Amino acid sequence: MKLRLPVVSVYTVPTDAPEADGTLSWNATTVVIAEVTAGDATGTGWTYGPAAIGDFLRDHLAPLVEGRDALDIPAAHEAMCRAIRDAGRPGVAACAISALDIALWDLKSRLLEIPLARLLGTCRERVPVYGSGGFTTYHDTHLVAQLNGWVHGQHIPRVKIKIGEERGGAVLRDVARVREARKVIGNRAELYVDANGAYTRKQAVRIGHALAEHGVGWFEEPVSSDDLTGLRLVRDALPCDVTAGEYGYDLPYFARMITAGAVDCLQIDATRCGGLTEFLRAAALAQAHGLQVSAHCAPHAHAAAAAALPNLRHIEWFHDHVRIEDMFFDGALDPTGGTITPTQGIGHGLTLRTEEVEQYRVA
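Treat the numbers as computed from the prediction; the structure is a model and nothing was measured.

A separate point is the overall build of the protein. Helix and strand counts for the protein stand at 14 helices and 14 strands. Judged by the C-alpha coordinates and their principal axes, the protein covers about 60 × 40 × 40 Å. Counting over 363 residues, the protein shows a buried share of 58%. For the protein, contacts bridging at least 24 residues in sequence account for 70% of all contacts bridging at least 6. Accessible surface, the protein: about 13,900 Å² in total, of which carbon and sulfur atoms supply 50%.

Structure below.
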């Protein structure tokens, strides 16, 4: 069955409050959606990033897959990867490949009339999630309400907040927010932090020891994820797990991070790294080196593939993307109890609410 020319749409959704982390601030999120059809079935994939992703996908990748066999996803994926040689893979091109690859997997499972999780094969019915948000721009009352909602409302037993405010220039407030977070969630829930690369190496070590007093077990990007030596230094110095990998746009990136001994748990983002095809390869690479993996953001894009991984730790229930995916799709999953079950429905189980979200469309 042959693929028809993919359809691309771009939407920008304002945040529900000002948001920032240690190194960036924003007030809107852009989602690029790819829809690909064969026969009577349509698959949907998406990524988050600049609207330019949509232009690249529409102009360079969509014509490349038109007419290919809908079941031969590896061939389409390899053709896309080869075609972007001169454009460069990291960034826009990789995100565009990712959206279309996710759509192709969704389409294939819909053609076969089975859940995507069953097509990939599962090693677990329930996939653990962690609540993620806690932006540095949040007032304390906002932070408390969000944490309460996850831990005491939805009974999600693990949560993450942002630290590293002002590129590491507000350490006292960072520690105070962590202290407040621990007070809110109690001693049984796991507490994670994400500095988004805001600290220097030794600063991250000092902060890490202070965080340990509040039971922080996950320190994400304490220094820049490009600083593999720094990540290894911080990892060796602290009792908590050091994690990174969300900016991996190809398999060699993950190989370098793993062989450098930079992380305790490898983060992978299927909406950036090359879709579910490359997500599964990166997870296998991590398993070969004795590492667990965690899916970064876009939880509904990852749910089915996460269920297939024996070395999965969890997926990120990220506030911005959960909000958008709940708004944009019928079939959104329920994380109550701290897990989701991605084995229901056909494909990834989501259907785009085309008319309802038209107000956010920008391309």
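Resuming the write-up.
As enumerated under the stated definition, the model contains 11 aromatic pairs in all. For the ring pair tryptophan 46 and phenylalanine 329, a centre distance of 4.8 Å and an interplane angle of 40° mean the geometry is tilted. Residue tryptophan 46 is located in strand 3 (residues 41–48), and its partner phenylalanine 329 is located in strand 12 (residues 329–330); the two are separated by 283 residues in the primary sequence. Residue classification places tryptophan 46 among the buried residues on the basis of a relative accessible area of 0%. Exposure remark for phenylalanine 329: the relative accessible area of 2% places this residue in the buried category. Ring-pair connections join several aromatic residues into one group, and the members of that group are Trp26, Phe135, Tyr138 and Phe318.

Here we take up the packing of helix 1 (residues 52–65) against helix 2 (residues 73–83). Where helix 1 contacts helix 2, the axes come no closer than 10 Å and their chain directions differ by 145°. Here the hand of the crossing between helix 1 and helix 2 comes out right-handed. When helix 1 is examined against helix 2, the residues Leu61, Leu64 and Val65 are found in contact with a partner set consisting of Ala76, Ala79, Met80 and Ala83. When the residues that make up the contact of helix 1 with helix 2 are grouped by side-chain class, the tally is seven nonpolar, no polar and no charged.

Reading guide: rules and limits
Counting of residues starts from 1 at the beginning of each chain's written sequence and follows it residue by residue. A pLDDT threshold of at least 70 governs which residues receive local features in this predicted model, and a stricter bar of 80 or more applies before side-chain atom pairs are shown or counted, although totals over entire chains, interfaces and linings include all residues. Where side-chain values are given, they derive from all heavy atoms of the structure, hydrogens and water being excluded. Here a strand is any run of E in DSSP of at least two residues, a helix any run of H or I of at least four, and the numbering for each starts at the N terminus. A simple rule labels every residue: compare its accessible area, found with a 1.4 Å probe on the protein chains alone, to the largest value its type can have, and call it buried under 20%, exposed over 50%, or partly exposed in between. The contact rule is simple, with two residues in contact once any of their heavy atoms fall within 4.5 Å. Here the Shrake-Rupley method, with its probe set to 1.4 Å, supplies the accessible areas, and only the displayed protein chains count as covering residues. Within 6.5 Å between ring centres, the rings of Phe, Tyr and Trp (the latter by its six-membered ring) count as paired, and their orientation is classed by plane angle as stacked under 30 degrees, edge-to-face over 60, tilted in between. Angular values range over 0 to 180 degrees, each being the angle between N-to-C directions of two axes fitted as lines to C-alpha atoms, with helices fitted over their stretch in contact. In this scheme, a crossing is called left-handed if the near helix is turned counterclockwise away from the far one by less than a right angle; it is called right-handed if the turn is clockwise. All amino acids are sorted into three groups, where Ala, Val, Leu, Ile, Met, Phe, Trp, Tyr, Cys and Pro are nonpolar, Asp, Glu, Lys and Arg are charged, and the leftover types, Gly among them, are polar.

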